[in-house]
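# A structural walkthrough
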Amino acid sequence: MTNDISVTSGTYTTGVVYVIWAITFALVFISVLELICELKGWPTISHRVEDWSDKNPWFSRGLITVLFVFLAHFFLNPLQKP
Amino acid sequence: MEDGLHLLFHFLLPPYLAVLGVFLGLAIDRNGPITCDPKQTYLPDWLFVGVELAGLVGGRLLSHWRRRPYVVQTERGREIMGQLAMASMLLILTGIWFVEAIGTAHISMADTSTATFEPITFYIRCAIYNDRAANGVGWWSVAIVLSISVLVGHWLWADHPPRLDEPQSPAQEERGTR
């Protein structure tokens, strides 16, 4: 059983700020790696992933499905505690 | 020209992402809402599924604009960068799932008090709620879902035209698209 209080987030501000900064750190890290690879003439991260998906189309489709199910679980569920 | 613009994009992307992330974090920390309104029923919403699919196809179409890149095969660089990227990704994912597990363990249906520690899932749903409460559609949420989907479509479902010196694969010849 849930009520208004139990579905109200008590740590939203701090939590979402940490989420944003964690995602920012990961994206900046990947984009710096990409830049280094471009400057050195090495295969970039994106190129490696694209190569892998080209060679393993079924694994790639499976991974896309998993990622999309993961994304969808955020917005195809109501806001409430389980 | 094409390669120059591509390199410029790679130079500008890290500072752009860093500034955007820090700005958003500070803005929410100082002025953002402290919670979300559970009386609203903004979720579930199938609009985002449509955005996901549009982004996936868009990411694939984006790869049509550039031929497969030329790369210098330096084995040492390949190995170090590949291992660094893989190890970092697994480390980050482990951290995320650890925080999610701790957050999930700290909430209870029976608990009527406001939680002191919650899973990341709640923060993201709560952010979508606040976004939709602020502008109706939830444009920030749509933009983020679209960006992630474009990246997934571009990386995992890419369809670059081959390099001029690159032979077509049997699958490409069969499709006759390149």
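These numbers were taken from a predicted model, which means no experiment stands behind them. (Residues numbered from 1 in each chain as written. Chains lettered and ligands numbered in written order. Predicted model: local features only at pLDDT ≥ 70, side-chain atom pairs only at ≥ 80, totals over all residues. Heavy atoms only, no water.)

### Some details on the overall build of chain A
- Broken down by element type, chain A carries 3 helices and 0 strands.
- Carbon and sulfur atoms form 72% of the exposed surface of chain A, whose accessible area is close to 4300 Å². (Helix = DSSP H or I, 4+ residues; strand = E, 2+ residues; numbered from the N terminus. Areas by Shrake-Rupley, 256 points an atom, 1.4 Å probe, with all protein chains shown as cover.)

### Some words on the side chain of Glu52 of chain B
- Note that Glu52 of chain B resides in helix α2 (residues 47-62).
- Here Glu52 of chain B sits buried without a salt bridge, and the closest side chain of opposite charge, Arg125 of chain B, lies 12 Å off (N-O distance).
- When sequence neighbours within four positions are dropped, the list of residues in contact with Glu52 of chain B reads Phe68, Leu71, Ala72 and Phe75 of chain A together with Val145 and Ser149 of chain B. (Buried < 20%, exposed > 50% of the residue type's maximum accessible area, 1.4 Å probe, protein only. Lys, Arg positive; Asp, Glu negative; His and termini not counted. Salt bridge = Lys/Arg side-chain N within 4 Å of Asp/Glu carboxyl O. Contact = heavy atoms within 4.5 Å.)

### Quick word on the interface of chain A and chain B
- Taken together, the contacts link 65 residues of chain A with 75 residues of chain B.
- Across the chain A/chain B interface, buried area totals approximately 6500 Å², and carbon plus sulfur atoms make up 71% of it.
- Across the chain A-chain B interface, the total number found is 10 residue pairs in polar contact (both at pLDDT 80 or more).
- Among the elements of the structure, α1 (12-40), α2 (45-55) and α3 (57-75) of chain A are those that each provide at least two residues to the side of chain A that touches chain B.
- The greatest single-element share of the side of chain A that touches chain B, amounting to 23 residues, is contributed by α1 of chain A.
- A class-by-class count of the residues in the side of chain A that touches chain B yields 38 nonpolar, 18 polar and 9 charged. (Buried area = accessible area lost by both parts, 1.4 Å probe. Polar contact = N/O pair within 3.5 Å; in protein donor to acceptor, adjacent residues only side chain to side chain. Nonpolar A, V, L, I, M, F, W, Y, C, P; charged D, E, K, R; others polar.)

### A short note on the side chain of Ser53 of chain A
- Among the secondary structure elements, Ser53 of chain A is positioned in helix α2.
- Taking the relative accessible area as the measure of exposure, Ser53 of chain A reaches 6% and is therefore buried.
- Leaving out residues up to four positions away in the same chain, Ser53 of chain A has contacts with Ser60 of chain A together with Trp155 and Leu156 of chain B.

### Focus: the confidence of the model for chain B
Residue and element names in this part refer to chain B.
- Considering every residue of chain B, the mean pLDDT works out to 81; 81% of them sit at 70 or more.
- Of all the helices and strands in chain B, helix α6 (residues 170-175) carries the lowest mean pLDDT, 57, while α2 carries the highest, 92.
- For this predicted complex, the interface confidence reaches an ipTM of 0.80, while the overall pTM sits at 0.79. (pLDDT = per-residue confidence, 0-100.)

### A few points about the state of the cysteines
Residue and element names in this part refer to chain B.
- Tallied over the entire structure, the rule returns 1 disulfide over all chains.
- The disulfide partner of Cys36 is Cys126, and the gap between their sulfur atoms is 2.1 Å. Because the torsion about its S-S bond is -120°, the bridge between Cys36 and Cys126 counts as left-handed. With Cys36 in the loop between α1 (2-31) and α2 and Cys126 in helix α4 (residues 120-135), the pair connects residues that are 90 residues apart, well separated along the chain. Comparing Cys36 with Cys126 shows no difference in burial state: the two are buried. (Disulfide = S-S within 2.5 Å.)

### Observations concerning α3 of chain A
- For α3 of chain A, spanning 19 residues, the distance from its first C-alpha to its last is 27 Å, which sits close to the expected 27 Å at 1.5 Å a residue.
- All of the buried residues in α3 of chain A are Ser60, Ile64, Phe68, Leu71, Ala72, Phe74 and Phe75 of chain A. Taken down its axis, α3 of chain A places every buried residue within 135° of arc, on the same side. Turned more than 90 degrees from where α3 of chain A packs its buried face, Trp58, Phe59, Val66 and Val69 of chain A sit exposed.
- Of the surrounding secondary structure, the elements contacted by the buried residues of α3 of chain A are α2 of chain A together with α2, α4 and α5 (139-156) of chain B. (Expected span 1.5 Å × (residues − 1). Arc of directions from axis to C-beta.)

### What about unusual backbone geometry?
- Of the consecutive residues Leu43 of chain B and Pro44 of chain B, the connecting peptide bond is found in the cis state with omega at 5°.
- When you line up the elements, Pro44 of chain B lands in the loop between α1 and α2.

### As for the nonpolar core
- Phe75 of chain A together with Leu43, Phe48 and Tyr129 of chain B are the most contacted members of the largest nonpolar core, which has 24 residues in total.
- Of all elements in the fold, only α1 and α3 of chain A together with α2, α4 and α5 of chain B reach the threshold of two or more residues within this core.
- Leave out the neighbours within four places in its chain, and Phe48 of chain B touches Phe75 of chain A together with Leu43, Ile128, Ser141, Val142 and Val145 of chain B.
- By size, the runner-up hydrophobic cluster in this structure holds 7 residues, among which are Leu33 and Cys37 of chain A together with Met81 and Trp155 of chain B. (Core = buried A, V, L, I, M, F, W, Y, C linked by side-chain atoms within 4.5 Å.)

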